[in-house]
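# Breakdown of the fold
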Amino acid sequence: MQLNGKKILITTETRELTVIRREPGRCAESFCPKCCEYVEMLNFDAAISFSGIGGRELMMRLETGEIHSVERDSGHLQICGWSLKGRK
Ligand SMILES: [Zn+2]
């Protein structure tokens, strides 16, 4: 911009912050080897809340493979949301 022979430089700066919130206990999608799909994974407590299945019953279904799970290197169990819904 030229004004009275002086050059004025206007600089603007913008910032953007994106916040993604998830319900507690719900993990990002992970690969379920039994569904062969990327599905929503839940921790044990969230799986109980989500499905309404009691802890002991959930453990039994995990043992039989009716409900799928993946044990991470950290030892945490991730439970397949699809198998909880009975989709696979
Ligand atoms: Zn699965």
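Up top is the structure these notes are about.
Quick look at the structure, then. (Residues numbered from 1 in each chain as written. Predicted model: local features only at pLDDT ≥ 70, side-chain atom pairs only at ≥ 80, totals over all residues. Heavy atoms only, no water.)

### Description of the overall build of the chain
In terms of helices and strands, the chain carries 3 helices and 6 strands. Helices and strands in the chain line up, N terminus first, as β-β-β-β-α-α-β-β-α. Looking at the 88 residues of the chain, the share that counts as buried comes to 24%. For the chain, the share of sequence-separated contacts (at least 6 apart) that also reach a separation of at least 24 residues comes to 40%. (Helix = DSSP H or I, 4+ residues; strand = E, 2+ residues; numbered from the N terminus. Buried < 20%, exposed > 50% of the residue type's maximum accessible area, 1.4 Å probe, protein only. Contact = heavy atoms within 4.5 Å.)

### A word on the packing of aromatic side chains
Taken as a whole, this structure holds 1 aromatic pair when the rule is applied. Note on Phe31 and Tyr38: the rings are 5.3 Å apart at their centroids and 65 degrees apart in plane angle, and the pair reads as edge-to-face. Residue classification places Phe31 among the partly exposed positions, given a relative accessible area of 38%. (Phe/Tyr/Trp six-rings, centres within 6.5 Å; stacked < 30°, edge-to-face > 60°.)

### Points about the packing of helix α1 (residues 44–51) against helix α2 (residues 55–64)
Taken N-terminus to C-terminus, the directions of α1 and α2 make an angle of 105 degrees; their axes are 10 Å apart at the nearest point. Considering the angle they form, α1 stands roughly perpendicular to α2. In this structure, α1 contributes Phe44, Ala47 and Ile48 to the contact, and α2 contributes Gly55, Leu58, Met59 and Leu62. For the contact of α1 with α2, the per-class residue count stands at 6 nonpolar, 1 polar and no charged. (Axes fitted to C-alpha atoms, helices over the stretch in contact; angles between N-to-C directions. Parallel < 35°, antiparallel > 145°, perpendicular 65-115°, else oblique. Nonpolar A, V, L, I, M, F, W, Y, C, P; charged D, E, K, R; others polar.)

### With respect to the coordination of the zinc ion
Around a metal, the idealised angle for a tetrahedral arrangement of four donor atoms is 109.5 degrees; for an octahedral arrangement of six donor atoms it is 90 or 180 degrees. Looking at the metal site, the zinc ion is ligated by Cys32 (SG), Cys35 (SG), His68 (ND1) and Cys80 (SG), spaced 2.2 to 2.3 Å from it. Classification of the site at the zinc ion rests on its 4 donor atoms, whose angles at the metal span 99 to 117 degrees, yielding the label tetrahedral. Read N to C, the donor residues that coordinate the zinc ion are spaced as C-x2-C-x32-H-x11-C. Its relative accessible area of 0% is what places Cys32 among the buried residues. (Donors = N, O, S within 2.8 Å, 3.2 Å for Na, K, Ca; no water. Tetrahedral: all angles 85-135°; square planar, octahedral: opposite > 155°, others 65-115°.)

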